[in-house]
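Close look at the chain arrangement
Okay, here's what each chain looks like letter by letter:
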Amino acid sequence: MPRTTAPDVAAAKGVRKIVMLAAYDFTSARLAEAAGVDVILVGDSLAMVVLGHDDTLSVTMEEMLHHVRAVARGAGSALVVADMPFMSYQASVEMAVTNAGRFLKEGRAGAVKVEGGRAIAPQVRAMVAAGIPVLGHVGLTPQHVAALGGFKVQSKTAQAAAELLADAMALAEAGCFAVVLECIPAPVAAAVTRVVPIPTIGIGAGPDCDGQVLVFHDVLGLYDRIRPRFVKQFGELGEQAVAALTGYAEAVRNSDFPGEEHSFSMAPEAQTAFEA
Ligand code: KIV
Ligand code: NA
């Protein structure tokens, strides 16, 4: 199958739902590809899910690149989107283009994602002009956690909803191929989806978006530190993992593992000579 491109995703609006998954390494990318996921986002949520931080602020370009490269090797036909980490694009247009370019050039991603609306439209325009497809992200933008005062539902007032719509529209006009809507009331997401010409990809944004995104570890039930209302677990692999690991530990302690079938033999003459 040919690799999904950013224009393919843009063209899916109104035609079919877009399935996006945040995943962070080679093996999870292969599983996502096998499941037919359209887009794999190497989210900066890896700061929390993979690296154990309390928020996404401290993850670096080098850490993100390390994971983007691994995902790109396993993604097959899925589009790989690299999440630009905090302070890799906010300070200047030049910085944004330089760092986004690294994700395509060194990371082999097919696109990047940035958080923010009108405030970062100049960065988006410059990245797009440089040939870098950009996915937008508005609503709850975790890189603004300090300013927002926590991970909270956004756009709950008419005024805030109108601001969000203006931000999403600005991203479309700046050239984003799609936009993530995170943690906003379903009616607001539905209106944005109706009005903006690019696909909306929801997480905690109700059923009317053009696509959805969840985190690999949340879908599979592997991450229980934070469980937001918008997560649906489609599996309980965390429990299965603990059961399997307990079985392994017990088998080692009882000398039930390894067995003969896991062990290597040598030619009888060689063994006799060795043991003599
Ligand atoms: O980092 C991430 O996983 C994300 C998605 C939840 C959209 O930004
Ligand atoms: Na993110």
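All of these numbers come straight from a predicted model, not from anything done at the bench. (Residues numbered from 1 in each chain as written. Chains lettered and ligands numbered in written order. Predicted model: local features only at pLDDT ≥ 70, side-chain atom pairs only at ≥ 80, totals over all residues. Heavy atoms only, no water.)

Describing the overall build of the chain
We apply this condition: Here a helix means four or more residues in a row that DSSP labels H or I, a strand means two or more in a row labelled E, and each is numbered from the N terminus. To sort residues, take the accessible area from a 1.4 Å probe on protein chains only and compare it with the maximum for the residue type: under 20% means buried, over 50% means exposed, and anything in between is partly exposed. Any two residues having at least one pair of non-hydrogen atoms within 4.5 Å are treated as being in contact. His is not counted, nor are the chain ends, whereas Lys and Arg count as positive and Asp and Glu as negative. Charged side chains are reduced to one point each, which is NZ for Lys, CZ for Arg, CG for Asp and CD for Glu.
Helix and strand counts for the chain stand at 12 helices and eight strands. Along the longest, intermediate and shortest principal axes, the C-alpha atoms of the chain span 85 × 35 × 35 Å. By residue count, 47% of the 276 residues in the chain fall in the buried class. Counting contacts in the chain only where the partners sit at least 6 residues apart, residues at least 24 apart contribute 60% of the total. Of the side-chain charges in the chain, 21 are positive and 29 negative, and the distance between the mean point of each set is 9 Å.

A closer look at the coordination of the sodium ion (ligand 2)
Filter applied, for reference: Each metal's donors are the N, O and S atoms found within 2.8 Å of it, except that Na, K and Ca use a 3.2 Å limit; water is left out, so coordination can look incomplete.
Distances from the sodium ion (ligand 2) to its protein donors, Asp44 (OD) and Asp83 (OD), fall within 2.3 Å. Taken together, the positions of Asp44 in the loop between β2 (39–42) and α3 (46–49) and Asp83 in strand β3 (residues 79–83) put the pair 39 residues apart, joining distant regions of the chain. In this structure, Asp44 and Asp83 share a single accessibility class: buried.

Quick word on the site of ligand 1
For clarity, the cut-off: One heavy atom within 4 Å of a molecule or strand is enough for the residue carrying it to be called near that molecule or strand. By the criterion applied in these results, polar contacts are pairs of N or O atoms within 3.5 Å in which, for protein atoms, one can donate a hydrogen and the other can accept it, and in which residues neighboring in sequence qualify only through two side-chain atoms. Under the convention adopted here, Pro, Cys and the residues Ala, Val, Leu, Ile, Met, Phe, Trp and Tyr are nonpolar, Asp, Glu, Lys and Arg are charged, and Gly plus all remaining residues are polar.
Near ligand 1 the following residues occur: Ala22, Leu41, Gly43, Asp44, Ser45, Asp83, Lys113, His137, Val180, Ile203 and Val215. At 3.2 Å, a side-chain N or O of Asp44 approaches an oxygen atom of ligand 1. In the shell around ligand 1, the residues fall into five nonpolar, three polar and three charged.

Focus on the packing of aromatic side chains
Put simply, the test is: Note on aromatic pairs: the rings of Phe, Tyr and Trp (six-membered ring only in Trp) are paired at centre separations within 6.5 Å, and the planes decide the class, stacked below 30 degrees, edge-to-face beyond 60, tilted for the rest.
Tallying each qualifying case throughout the model produces one aromatic pair. Taking the centre distance of 6.3 Å and the plane angle of 70 degrees together, the rings of Tyr248 and Phe257 count as edge-to-face.

Quick word on the pattern of salt bridges
Put simply, the test is: Here, a salt bridge means any side-chain nitrogen of Lys or Arg that lies within 4 Å of a carboxyl oxygen of Asp or Glu.
Across all of its chains, the model carries eight salt bridges by this definition. The partner of Glu163 in a salt bridge is Arg118, and the shortest N-O contact between them spans 2.6 Å. Highlighted residues: Glu163 in helix α8 (residues 158–174) and Arg118 in the loop between β4 (111–113) and α6 (121–129), separated in sequence by 45 residues. Residue Glu163 is classed as partly exposed on the basis of its relative accessible area, which comes to 33%. The network of salt bridges with shared partners includes Glu62, Arg102 and Glu106.

Quick word on the sheet that holds strand β1 (residues 18–22)
Note the threshold: Being paired, for any two strands, means DSSP has found at least two bridges between them. Where helices are involved, their axes are fitted lines through C-alpha atoms of the stretch in contact, as for all axes, and angles between N-to-C directions lie from 0 to 180°.
With parallel pairing, eight strands are arranged side by side around a closed barrel as β1-β2-β3-β4-β5-β6-β7-β8. Taking each pair of neighbouring strands and ignoring which way they run, the sheet shows an average axis angle of 25 degrees. Pairing between β4 and strand β5 (residues 134–139): two bridges, direction parallel. In the sheet register, Lys113 faces β5, and the bridge partner there is Leu135. Docked against the sheet, α8 engages β5 and β6 (178–182), running at close to 175 degrees with respect to β5.

The quantities given are spatial measurements derived from coordinates; they are silent on function.
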